[in-house]
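Architecture at a glance
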Amino acid sequence: INWNLLFDCSSRGVTLTKGDVMEGPGIKAVFTATAPQASIGDTSRCGIAEAMVKSLSMENAGNADFGIAAAEGRVPPTDAEWEALFRAL
């Protein structure tokens, strides 16, 4: 077991923001880079992949610019939660 697996398992949640305005880790990056939990500025590879696939079936995601961040959670968003996330953009 390594921090990558721990992070992937505990950060299945996702947040979306309209535009390229997500906050980065700033000077805390050196401390959060290998943290097993989601921190400001983190994006999980699972969350990005899932968001990109889900965006293909969302009308308001077409030709849209949005940021994806990791959030605490052991399960990915449901279809209804994805719809709500994209509707809020």
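For the structure, check the block above.
In short, a report on the structure. (Residues numbered from 1 in each chain as written. Predicted model: local features only at pLDDT ≥ 70, side-chain atom pairs only at ≥ 80, totals over all residues. Heavy atoms only, no water.)

**Some points on helix H3 (residues 45-55)**
Where we set the bar: Three labels apply to residues, based on accessible area from a 1.4 Å probe with only protein chains included: buried if under 20% of the type maximum, exposed if over 50%, partly exposed otherwise in between. For the purposes of this entry, the term helix denotes a DSSP run of H or I that reaches at least four residues, the term strand denotes a run of E that reaches at least two, and both are numbered from the N terminus. This arc corresponds to the set of directions leading from the helix axis out to the C-beta atoms. In this analysis, two residues are considered to be in contact whenever any of their non-hydrogen atoms come within 4.5 Å of each other.
When we look at burial in H3, the residues that qualify are Gly 47, Glu 50, Ala 51 and Ser 55. Taken end-on, H3 shows its buried residues confined to a sector of 130°, consistent with a single buried face. Exposed and facing more than 90 degrees away from the buried side of H3 are Arg 45 and Val 53. Against strand S1 (13-18), strand S2 (66-71) and helix H4 (79-87) lie the buried residues of H3.

**Some details on unusual backbone geometry**
In this model, Asn 63 sits at a positive phi of 55°, which is unusual for a non-glycine residue. Taking the relative accessible area as the measure of exposure, Asn 63 reaches 86% and is therefore exposed.

**Here we look at the pattern of salt bridges**
Test applied: We define a salt bridge as a side-chain nitrogen of Lys or Arg found within 4 Å of a carboxyl oxygen belonging to Asp or Glu.
Counting across every chain of the model gives three salt bridges. A salt bridge links Arg 12 to Glu 50, with the nearest nitrogen and oxygen atoms 2.2 Å apart. Of the two residues, Arg 12 sits in the loop between helix H1 (3-10) and S1 while Glu 50 sits in helix H3, which places them 38 residues apart along the sequence. On the basis of relative accessible area, Arg 12 is assigned to the buried category, the value being 18%.

**Quick word on the packing of aromatic side chains**
This is how the line gets drawn: Under the pairing criterion, centres of Phe, Tyr and Trp rings, with the six-membered ring standing for Trp, must be within 6.5 Å; the plane angle then separates stacked pairs below 30 degrees from edge-to-face pairs above 60, leaving the rest tilted.
In the structure shown here, the tally under the stated rule is two aromatic pairs. When the centroid spacing of 5.4 Å and the interplanar angle of 90° are considered together, the rings of Phe 66 and Phe 86 count as edge-to-face. Placement of the pair is Phe 66 in strand S2 and Phe 86 in helix H4, with a sequence separation of 20 residues. No difference in accessibility class separates Phe 66 from Phe 86, as the two residues are buried. Of the aromatic side chains, those joined through ring pairs into one cluster are Phe 66, Trp 82 and Phe 86.

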